[in-house]
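Okay, here's what each chain looks like letter by letter:
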Amino acid sequence: MPPELFCFILCALSAPDLSGGDVLLPAPQSISILSTNMKHFLTWSPVIVQGATVKYSVEFQGEYEREYAGGSWIPISECSPTTATLCNVTEDISAPVAYKLRVRAELGATRSPWATTEGFFSRAMTSLTPPELRVLADGQHVLVQLADMGPSFQFRVLYWRKGHENRVQQKVLKEVSSVVHLDTMEAGAEYCVKAQTHVEAINRSSSFSPTQCVRAQGDTSLWLLTALLSSAAFAVAALTLPFLTWKISKVFQYSCCPTAVLPDTLKETEPPTQLILRDREEAEQCDLMVVVMPSEEALQLWIQKAL
Ligand SMILES: *[C@@H]1O[C@H](CO)[C@@H](O)[C@H](O)[C@H]1NC(C)=O
Ligand SMILES: *[C@@H]1O[C@H](CO)[C@@H](O)[C@H](O)[C@H]1NC(C)=O
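Residues numbered from 1 in each chain as written. Chains lettered and ligands numbered in written order. Predicted model: local features only at pLDDT ≥ 70, side-chain atom pairs only at ≥ 80, totals over all residues. Heavy atoms only, no water.

**Concerning the overall build of the protein**
As a reminder, the rule being used: Only DSSP runs of H or I reaching four residues or more are called helices, and only runs of E reaching two or more are called strands; each is numbered from the N terminus. Throughout this description, buried means an accessible area under 20% of the type-specific maximum (1.4 Å probe, protein chains only), exposed means over 50%, and partly exposed covers the range between. Throughout, a residue-residue contact means that at least one pair of heavy atoms, one from each residue, lies within 4.5 Å. Note on areas: Shrake-Rupley with a 1.4 Å probe; residue coverage comes only from the protein chains shown.
For the protein, the count of helices and strands is six helices and 16 strands. Burial analysis of the protein (307 residues in total) assigns 30% to the buried set. A sequence separation of at least 24 residues applies to 63% of the contacts in the protein between residues at least 6 apart. Approximately 19,600 Å² of the protein is accessible, and the part contributed by carbon and sulfur atoms is 59%.

Set out below in structure tokens:
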């Protein structure tokens with residue numbers, strides 16, 4: 001048991017109306033400053049007293065109070081008193097100097113000793129987070145959208161064409177309007193973007209956000225569509241053309257020149273010269289037929305055969 005707590009219980013039990021009560025309540029423990037993106041908070045662990053609500057008071061001391069005002073402290077009105085174990089000290093840590101902060105517990109007229117931050121805190125010690133950004137492609141334009149972090153924040157945006165990392169371009173955005181135009185992309189190219197936050201007041205920057213890439217739309221997709229369509233057309237043509245040629249040749253072969261089925265007797269007995277002659281006669285007939293046949297009839301025949 002910590003001596004203060006032991007004293008608190010013992011003193012509270014044995015001498016409840018001891019005057020000046022400063023030593024009766026233990027000071028808050030684990031006092032620390034949480035500071036992210038120029039927002040500063042003092043936190044501490046609660047002082048617990050059964051059946052009672054402990055309140056706290058917070059004070060700060062800047063360089064001026066320390067050096068020229070006899071080491072005085074200034075109460076932070078928003079947190080004096082407070083029942084929370086956290087105090088927003090952003091407005092008070094406003095100058096580029098070293099600060100100290102302290103907090104004490106209060107219960108009725110009883111006050112704990114002050115618990116003071118170890119070392120000094122300056123706003124330049126804040127931790128800066130990379131910006132939240134969205135990279136968009138609108139046709140040939142690459143756009144970026146950044147989450148607003150307040151007036152003291154700037155954004156350094158780096159962008160480049162993918163594969164051209166040696167030619168990185170930069171834009172510093174002081175005010176975040178809804179969407180910012182970065183560049184005009186070349187058709188079919190991919191562009192990448194990353195950004196960091198910068199606070200001029202402390203001359204510090206965050207690390208970079210993860211890189212986000214977008215591809216140019218518009219002409220690229222049109223080009224892609226054309227390429228896809230023409231290759232599809234080519235594939236269809238390549239597949240169907242030989243079939244059509246074969247089919248047409250077959251139709252003409254059947255309609256004009258049916259394969260002659262020779263009687264067995266002819267094959268053996270007739271000399272080859274006569275056989276050639278017969279074939280030739282048939283071919284002549286065939287030519288005649290083609291000339292005579294009306295075109296509609298030929299077309300009908302072709303369709304019937306084709307189906
Ligand atoms: C802390 O105080 C600052 C300055 O008044 C304010 O901008 C910020 O919103 C506050 N943060 C919270 C969490 O209350
Ligand atoms: C900001 O910091 C950089 C180094 O990080 C330094 O080169 C530059 O001079 C500083 N600028 C100001 C205005 O202090």
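**Structural notes on the sheet that holds strand β13 (residues 180-184)**
Convention followed: Strand pairing is defined by DSSP finding a minimum of two bridges between the two strands. To obtain each axis, a line is fitted to C-alpha atoms, and for helices this fit is confined to the stretch in contact; angles are then taken between N-to-C directions over 0 to 180 degrees.
Taken in spatial order, the three strands of this open sheet run β9-β10-β13, and their pairing is antiparallel. Only two strands of the sheet have a single neighbouring strand rather than two, namely β9 (133-138) and β13. If you compare each strand with its neighbour and ignore which way they point, the axes differ by 25° on average. Sheet analysis places strand β10 (residues 141-146) next to β13, joined by four bridges and oriented antiparallel. The partner of V142 across the bridge, within β13, is D183.

**Quick word on the site of ligand 1**
What counts here: For this description, a residue counts as near a given molecule or strand if any of its non-hydrogen atoms is within 4 Å of it. Polar here means any residue outside two lists: the nonpolar Ala, Val, Leu, Ile, Met, Phe, Trp, Tyr, Cys and Pro, and the charged Asp, Glu, Lys and Arg; Gly therefore counts as polar.
All residues in the neighbourhood of ligand 1 are listed as K39, F41, N88, T90 and E91. Here the residues of the shell around ligand 1 sort into one nonpolar, two polar and two charged.

**Considerations on the state of the cysteines**
This is how the line gets drawn: By disulfide we mean two sulfur atoms from cysteines, separated by a distance within 2.5 Å.
Per the counting criterion, the structure on display carries two disulfides. Each sulfur in the disulfide pair C79 and C87 lies 1.9 Å from the other. Disulfide C79-C87: torsion about the S-S bond near 85°, hence right-handed. Of the two residues, C79 and C87, both sit in the buried class. C192 shares a disulfide with C213; S-S distance 2.1 Å. Because the sign of the S-S torsion sets the handedness, a value of about 105° for the bond joining C192 and C213 places this disulfide among the right-handed ones. Of the two residues, C192 sits in strand β14 (residues 190-199) while C213 sits in strand β16 (residues 212-215), which places them 21 residues apart along the sequence. A relative accessible area of 2% means that C192 is categorised as buried. Judged by relative accessible area, C213 falls into the partly exposed class, the value being 31%. Counting only the cysteines that form disulfides, in the order they appear in the protein, gives the pairing 1-2, 3-4.

**Some thoughts on the environment of A137**
The topology assignment puts A137 in strand β9. As for A137 and A216, which are separated by 79 residues in sequence, their C-alpha atoms are 6.2 Å apart.

**Overview of the side chain of S112**
Condition: Polar contact is the term for a pair of N or O atoms within 3.5 Å; when the atoms are in protein, one must be able to donate a hydrogen and the other to accept it, and sequence-neighboring residues count only if both atoms are side-chain atoms.
Within the secondary structure, S112 sits in the loop between β7 (110-111) and β8 (115-116). Taking the relative accessible area as the measure of exposure, S112 reaches 3% and is therefore buried. Within the local environment of S112, its side chain forms a polar contact with the backbone nitrogen of A105, the two atoms lying 2.7 Å apart.

**A short note on the environment of T197**
Relative to the helices and strands, T197 is located in strand β14. Along the backbone, T197 and F155 are 42 residues apart, and their C-alpha atoms lie at a distance of 4.6 Å. In this view, T197 contacts L128, T129, P130, P131, M149, F153, Q154, F155, R204, S205 and S206; residues no more than four positions away in its chain are not counted. At 3.0 Å, the side chain of T197 and the backbone oxygen of T129 are in polar contact.

**Quick word on unusual backbone geometry**
Geometrically, the link from S80 to P81 is a cis peptide bond, its omega value of 5° lying close to zero. Positionally, P81 belongs in the loop between β4 (74-75) and β5 (86-88). For N37, which is not a glycine, the phi torsion comes out positive at approximately 50°. In this structure, N203 is a non-glycine residue whose phi angle is positive, near 50°. The residue N203 is located in the loop between β14 and β15 (204-205) in this model. Take N203: its relative accessible area is 61%, and that puts it in the exposed class.

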